[in-house]
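What follows is the residue order along each chain.
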Amino acid sequence: TPPSGAPRPRLAFLGTGYLGTTYAICFAEMGYEVLGFDVDIDKIARLTDGEVPFHEPGLEELLKRNLAAGRLKFCTNLAQTAEFGDVHFICVGTPQRVDGMGADLSYIEAVVSGLARHLTRKALIVGKSTVPVGTAEWVEQLVGKHAPAELGVEVAWSPEFLQEGFAVEDVLRPNRIVAGVNSEWASSMLYAAHKGVLDLAATEDRDLPVVVTDFATAELVKVAANAFLATKVSFINAMAEVCEVAGGDVTQLARAIGYDPRIGNRFLQAGVGFGGGCLPKDIRAFQARAQELGAGEALRFLHEVDLINQRRRTRVLQLAADLLACRCGPAGPDLSGTRIAVLGATFKPNSDDVRDAPSLAVAALLAKAGAYVHVYDPQGMHNARRAQPDLTYAPTMTDAVRDADLVCVLTEWADFRNADPHALGTLVTHRRIIDGRNCLDPALWIQAGWEYRGMGRP
Ligand code: NAD
């Protein structure tokens, strides 16, 4: 129960990446006083100037409005952040470790110990980053080690489910809040910090379930959700593999099984597989943690989920070799002398995030097989150039496809879905297309004289 009439807590967000920035801005929009903190000086300078350092629809307008209203500030000073916040949300990255499948918790360790050392009054530290189960307890120990005991600083865990491309809506109107807490005080502070979203849901007469639970369950909810989503994608991609040899059409299969409400049709699109900064590293870290806990066998299927996902990338390479009638040597297909346009570099549309993007991975595979690859993406060019500097990038879709022997659509941006097959046909050398996301209408392309290949379709 919220303390009635209690003032709204001041909220600090530590780590202003995709997650922390969106949260800081949206919570300021709900009327909270907010401070965003990051160690990246350039990022903080851009945010302070009203520029969102990544692509997220609708976010920059909210940033400018809340900076102007004086509710939202950004800084690189940890002492100032510690002084400001009643509730500190930890939003730093938890990437895959370079030496294994587990999560790298060094950013969590750095930010929590630093913050704890600077705290001068009681505060709540809320973990939002995706972490292996057991991390919240370890964070409590870190706080105990670095913050003066008499302050009584507490920890809570509230994992995040936002999707890039829909992040503003997902933060303002989440479909649930998960609160891992172990005291009444932590619970009431977390409630006060979420009163804005709860009030908005009430005003709009929307259900917003709140699952109040222990640390371990809160941490597990997030990785379980991502494991389920990854499994759903790999399930339909496994069906695509079977359709490819049996001559079925996985898009019709998915539609037909999706009518069963127990299955549902969302996240059931066969294609080049999942990627991004979350699903791939989260299912690996989950397996690594389960193994440490002696439950490795329970999650062995996630290894298969990962393998199915990786195989979709090589499937595009095989399709390209088939369409281009290239020789296949012991080291794989030889695509030398061919020119291929890759449309899409981000892991999904409406984002500029290229982390573990299947599209870029496939572009690299095609280039390694000897093809002259030209990549174009509406928003991801800057990040793609940094991630894969050896590839060639085209400034427009037209430039990418000009003189191509093959076009591969690997991210389902609206620009590509709505492309005119006749107009593109006048630019290419050969009308051949691989629809790596099954996002095009094959009939339209075939009528326009293209050789069309989808994923798991005849
Ligand atoms: P990101 O890489 O975009 O952002 C991480 C930020 O943390 C960077 O700006 C980095 O400079 C900053 N940082 C690193 N060390 C720091 C320190 N010591 N002090 C302050 N800042 C520091 O990552 P992200 O996509 O925002 O993800 C953050 C976490 O949220 C991850 O655990 C991720 O799994 C989880 N998550 C992400 C999403 C998503 O859609 N991006 C959704 C749900 C959960």
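Residues numbered from 1 in each chain as written. Predicted model: local features only at pLDDT ≥ 70, side-chain atom pairs only at ≥ 80, totals over all residues.

### Here we look at the overall build of the protein
Helices and strands together make up the secondary structure of the protein, namely 19 helices and 16 strands. Computed over the C-alpha atoms, the radius of gyration of the protein is 24 Å, within 12% of the 23 Å expected from 2.2 N^0.38 for a compact globule of 458 residues. Taken along the three principal axes of its C-alpha coordinates, the protein extends 75 × 50 × 45 Å. Counting contacts in the protein only where the partners sit at least 6 residues apart, residues at least 24 apart contribute 71% of the total. (Helix = DSSP H or I, 4+ residues; strand = E, 2+ residues; numbered from the N terminus. Rg over C-alpha atoms; globule rule 2.2 N^0.38 Å. Contact = placed C-beta atoms within 7 Å.)

### Side note on the nonpolar core
Counting 137 residues, the largest nonpolar core has Ile125, Ala320, Leu343 and Cys408 as the members making the most contacts within it. Per-element accounting of this core gives the leading share, 12 residues, to helix H10 (residues 215-246). Ignoring any residue separated from it by four or fewer positions in sequence, one finds Ala320 in contact with Leu335, Ile340, Leu366, Leu406, Cys408 and Ile434. (Core = buried A, V, L, I, M, F, W, Y, C linked by C-beta atoms within 7 Å. Buried ≥ 20, exposed ≤ 12 C-beta atoms within 10 Å, placed from the backbone.)

### Digging into the UniProt feature "binding site: NAD(+)" (unreviewed entry) in the protein
The feature "binding site: NAD(+)" (unreviewed entry), as annotated in UniProt, sits at Asp38, Lys43, Thr94, Thr130, Glu164, Lys281 and Arg355 in this numbering. What stands out for the annotated residues spanning 318 residues is how far apart their C-alpha atoms range, the widest pair being 23.9 Å apart. The residue Asp38 is located in the loop between strand E2 (34-37) and helix H2 (41-48) in this model. A tally of 25 C-beta atoms within 10 Å means that Asp38 is categorised as buried. For Asp38, the residues in contact, after removing those within four places along its chain, are Gly15, Thr16, Lys43, Ile44 and Thr76. Structurally, Glu164 is set in the loop between strand E6 (154-157) and helix H7 (167-172). Beyond its immediate stretch of four places on either side in the chain, Glu164 contacts Tyr18, Glu56, Lys348, Ser351 and Asp353. (UniProt positions renumbered as here; feature names shortened; annotations may be inferred.)

### Let's talk about the packing of helix H1 (residues 18-29) against helix H3 (residues 59-68)
Relative orientation of the contacting elements H1 and H3 amounts to 55°, with a least axis distance of 9 Å. One finds that H1 runs oblique with respect to H3. You can see that H1 and H3 cross each other, and the crossing is left-handed. Taking contact as the criterion, the partners of Thr22, Ile25, Cys26, Ala28 and Glu29 in H1 are, on H3, Leu59, Leu62, Leu63 and Asn66. Split by residue class, the contact of H1 with H3 holds six nonpolar, two polar and one charged. (Axes fitted to C-alpha atoms, helices over the stretch in contact; angles between N-to-C directions. Parallel < 35°, antiparallel > 145°, perpendicular 65-115°, else oblique. Left-handed = near helix turned anticlockwise from the far one by under 90°. Nonpolar A, V, L, I, M, F, W, Y, C, P; charged D, E, K, R; others polar.)

### Quick notes on the sheet that holds strand E12 (residues 372-376)
One open sheet accounts for six strands, arranged E13-E12-E11-E14-E15-E16; its pairing is parallel. Taken across any chain shown, the strands that pair with only one partner, and hence form the sheet edges, are strand E13 (392-393) and strand E16 (451-453). In the sheet, strand E15 (residues 432-435) pairs with E16 via three bridges, with the strands oriented parallel. Bridge assignment links Ile433 to a residue of E16, and that residue is Tyr452. (Pairing = 2+ DSSP bridges.)

### Comments concerning the domain arrangement of the protein
Looking at the protein, the domain boundaries give domain 1 (11-213), domain 2 (222-308) and domain 3 (312-453). Computed over C-alpha atoms only, the centres of domain 1 and domain 2 are separated by 29 Å. The interface is formed by 11 residues belonging to domain 1 together with 11 residues belonging to domain 2. (Domains from an automatic or database assignment.)

### Notes on the pairing of strand E3 (residues 72-75)
Every second residue of E3 is oriented toward a common face, the buried set being Leu72 and Phe74 and the non-buried set Lys73 and Cys75. By the bridge criterion, four bridges tie E2 to E3 in an arrangement that is parallel. Counted as the bridge partner of Leu35 is Lys73 from E3.

### Side note on the site of the ligand
Around the ligand sit 26 residues in total, of which Gly15, Gly17, Leu19, Ser129 and Thr130 are the nearest. Those elements giving two or more residues to the shell around the ligand turn out to be H1 and helix H5 (106-118). A class-by-class count of the residues in the shell around the ligand yields 12 nonpolar, nine polar and five charged. (Near = placed C-beta within 6 Å.)

### Side note on unusual backbone geometry
Unlike most non-glycine residues, Asp205 shows phi in positive territory, near 55°. Note on placement: Asp205 falls in the loop between helix H9 (195-203) and strand E8 (210-213).

### Topic: the UniProt feature "binding site: substrate" (unreviewed entry) in the protein
Taking the numbering used here, the UniProt-annotated feature "binding site: substrate" (unreviewed entry) corresponds to Phe161, Leu162, Gln163, Glu164, Lys222, Phe267, Leu268, Gln269, Ala270, Gly271, Gly275 and Lys348. For the residues just named, distributed over 188 residues, the greatest C-alpha separation reaches 24.2 Å, placing them at more than one site. With respect to the helices and strands, Gly271 occurs in the loop between helix H11 (250-258) and helix H12 (279-292). A residue is classified by how many C-beta atoms lie within 10 Å of it, and Gly271, with 26 of them, is buried. Here Gly271 is in contact with Gly436, Arg437, Asn438 and Met455, once residues within four sequence places are set aside.

### Description of H12
The first and last C-alpha atoms of H12 sit 20 Å apart over 14 residues, in line with the 20 Å expected at 1.5 Å per residue. Where H12 is buried, its residues contact H10 and helix H13 (300-323). Looking at the residues trailing H12, positive phi occurs at Gly294, about 85°. (Expected span 1.5 Å × (residues − 1).)

### Some words on the environment of Ala369
Note that Ala369 resides in the loop between helix H14 (358-368) and E12. Taking C-alpha positions, Ala369 is 7.4 Å from Gly332, a pair spaced 37 residues apart along the chain. Apart from the residues within four sequence positions on either side, Ala369 is in contact with Leu317, Gly332, Pro333, Asp334 and Leu335.

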